[in-house]
Amino acid sequence: SQQGEEDPQALSIQEGENATMNCSYKTSINNLQWYRQNSGRGLVHLILIRSNEREKHSGRLRVTLDTSKKSSSLLITASRAADTASYFCATLRSNSGYSTLTFGKGTMLLVSP
Amino acid sequence: DAGVIQSPRHEVTEMGQEVTLRCKPISGHDYLFWYRQTMMRGLELLIYFNNNVPIDDSGMPEDRFSAKMPNASFSTLKIQPSEPRDSAVYFCASRSDGGGFNEQFFGPGTRLTVL
């Protein structure tokens with residue numbers, strides 16, 4: 001079953017604007033990760049936030065995590081056309097000593113020049 | 001390191017044929033994952049291995065699907081016989097068990113079309 005659900009499913013903005021994507025999940029997690037997928041390519045890891053962290057930054061990316069609401073957001077500031085891609089959140093859970101990631105269906109971001 | 005390597009990149013086959021997808025994980029990684037991606041179902045985890053041992057294959061859709069990891073540097077996903085509904089992009093990913101970061105590295109995928 002899908003653990004993470006991204007919102008919105010699609011987002012269209014102009015270059016220079018900020019893009020915010022949200023992710024909700026259902027069960028307790030060890031950490032939450034965001035991945036990016038360009039059309040026709042594999043997923044690429046962007047940023048990881050641990051369950052005891054509330055906010056994290058990496059370049060133009062800002063991730064927040066609210067474990068009480070079981071939600072996370074990814075903010076891309078000053079977007080560029082090259083940011084056009086699908087963005088996925090993934091939650092890491094441990095079970096019987098092994099840990100796996102469960103991915104949402106993603107948000108498709110289109111940044112127009 | 002060249003990253004996760006998958007072959008072939010594209011496969012077109014006819015219904016009923018056997019299909020074998022191949023993956024070479026990043027050297028030193030403990031985990032290897034096989035995913036399937038479709039528009040309808042998103043990214044689904046099919047099976048994963050830890051130190052070459054299959055841990056959870058509950059995501060494998062049917063007995064027609066099988067996966068092996070004979071050594072730390074090679075894994076295969078086989079579909080026999082293939083059906084049109086198996087058409088999808090299949091990704092292999094690997095991950096190291098240490099450091100607490102758990103970042104997964106994905107291969108470029110194999111786009112499978114079953115006619």
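These remarks concern the structure in this document. Computed from a prediction, not measured in an experiment: that's the story for all the values here.

## Observations regarding the overall build of chain B
Thought 1: Along its length, chain B carries zero helices and 11 strands.
Thought 2: When its helices and strands are written in sequence order, chain B yields β-β-β-β-β-β-β-β-β-β-β.
Thought 3: Its C-alpha atoms give chain B a radius of gyration of 14 Å, within 12% of the compact-globule value 13 Å for 115 residues.
Thought 4: Judged by the C-alpha coordinates and their principal axes, chain B covers about 45 × 25 × 25 Å.
Thought 5: Going through the 115 residues of chain B one by one, you find that 45% of them count as buried.
Thought 6: Counting only contacts in chain B whose residues sit at least 6 apart along the sequence, the fraction spanning at least 24 positions is 55%.
Thought 7: Carbon together with sulfur atoms contributes 51% to the accessible area of chain B, which is approximately 5600 Å² in total.
Thought 8: Mean positive and mean negative side-chain charge positions of chain B (11 and 14 charges, respectively) differ by 3 Å.

## A short note on the pattern of salt bridges
Thought 1: With the rule as written, the count across this model stands at 12 salt bridges over all chains.
Thought 2: As a salt-bridge pair, Arg60 of chain A and Asp83 of chain A come within 2.9 Å of each other at their nearest N and O atoms. In this pair, Arg60 of chain A sits in the loop between strand 6 (55-58) and strand 7 (61-66) while Asp83 of chain A sits in the loop between strand 8 (71-76) and strand 9 (85-95), placing the two residues 23 residues apart along the sequence.
Thought 3: One salt bridge in this structure joins Arg85 of chain B and Glu83 of chain B, with 2.6 Å as the shortest N-O distance.
Thought 4: Members of the salt-bridge network, linked through shared partners, are Glu62, Arg64, Glu83, Arg85 and Asp86 of chain B.

## Some details on the sheet that holds strand 1 (residues 5-7) of chain A
Residues and elements named next belong to chain A.
Thought 1: One open sheet holds the five strands; their spatial order is 1-3-8-7-6, and the pairing between them is antiparallel. Looking along the sheet, the strands with just one partner apiece sit at the ends: strand 1 and strand 6. Geometrically, the sheet is characterised by an average inter-axis angle of 20° between neighbouring strands, direction not taken into account.
Thought 2: Here six bridges tie strand 3 (residues 19-24) to strand 8, and the two strands are oriented antiparallel to one another. Along strand 8, the bridge assignment pairs Ala19 with Ile76.

## Regarding the interface of chain A and chain B
Thought 1: With 21 residues of chain A at the contact, the number on the chain B side is 24 residues.
Thought 2: In total, chain A and chain B occlude about 1700 Å² of area from one another, counting both sides; carbon and sulfur atoms represent 51% of this.
Thought 3: Together, Leu43, Tyr98 and Phe103 of chain A form the three largest contributors to the area buried by chain A at its contact with chain B, with a combined 27%.
Thought 4: At the boundary of chain A and chain B, one finds zero salt bridges.
Thought 5: Counting across the interface, chain A meets chain B through five residue pairs in polar contact (both at pLDDT 80 or more).
Thought 6: Among the elements of the structure, strand 4 (31-37), strand 5 (43-50), strand 9 and strand 10 (98-103) of chain A are those that each provide at least two residues to the side of chain A that touches chain B.
Thought 7: It is strand 10 of chain A that provides the largest number of residues to the side of chain A that touches chain B, a total of five residues.
Thought 8: A breakdown of the residues in the side of chain A that touches chain B according to their chemical character gives eight nonpolar, 10 polar and three charged.

## Quick look at the nonpolar core
Side chains of a nonpolar character, in soluble globular proteins, are inclined to be buried together.
Thought 1: Trp34, Leu77 and Tyr90 of chain B are the most contacted members of the largest nonpolar core, which totals 21 residues.
Thought 2: Elements with a minimum of two residues in this core: strand 3 (19-24), strand 4 (31-38), strand 5 (42-50), strand 7 (65-71), strand 8 (74-79), strand 9 (88-95) and strand 11 (110-114) of chain B.
Thought 3: In terms of nonpolar packing, the next biggest core, distinct from the first, is built from 20 residues, Ile13, Met21, Leu61 and Val111 of chain A among them.

## Quick notes on the pairing of strand 11 (residues 107-112) of chain A
Moving residue by residue along a regular strand, the side chains alternate between the two faces of the sheet.
Residues and elements named next belong to chain A.
Thought 1: In strand 11, alternate side chains face the same way, and those of Thr107, Leu109 and Val111 are buried while those of Met108, Leu110 and Ser112 on the opposite face are not.
Thought 2: Sheet analysis places strand 2 (residues 10-14) next to strand 11, joined by five bridges and oriented parallel. The partner of Leu11 across the bridge, within strand 11, is Leu109.
Thought 3: When strand 9 meets strand 11, the two strands line up antiparallel, connected through three bridges.

Cut-offs and rules
- Residues numbered from 1 in each chain as written.
- Chains lettered and ligands numbered in written order.
- Predicted model: local features only at pLDDT ≥ 70, side-chain atom pairs only at ≥ 80, totals over all residues.
- Heavy atoms only, no water.
- Helix = DSSP H or I, 4+ residues; strand = E, 2+ residues; numbered from the N terminus.
- Rg over C-alpha atoms; globule rule 2.2 N^0.38 Å.
- Buried < 20%, exposed > 50% of the residue type's maximum accessible area, 1.4 Å probe, protein only.
- Contact = heavy atoms within 4.5 Å.
- Areas by Shrake-Rupley, 256 points an atom, 1.4 Å probe, with all protein chains shown as cover.
- Lys, Arg positive; Asp, Glu negative; His and termini not counted.
- Charge placed at Lys NZ, Arg CZ, Asp CG, Glu CD.
- Salt bridge = Lys/Arg side-chain N within 4 Å of Asp/Glu carboxyl O.
- Pairing = 2+ DSSP bridges.
- Axes fitted to C-alpha atoms, helices over the stretch in contact; angles between N-to-C directions.
- Buried area = accessible area lost by both parts, 1.4 Å probe.
- Polar contact = N/O pair within 3.5 Å; in protein donor to acceptor, adjacent residues only side chain to side chain.
- Nonpolar A, V, L, I, M, F, W, Y, C, P; charged D, E, K, R; others polar.
- Core = buried A, V, L, I, M, F, W, Y, C linked by side-chain atoms within 4.5 Å.

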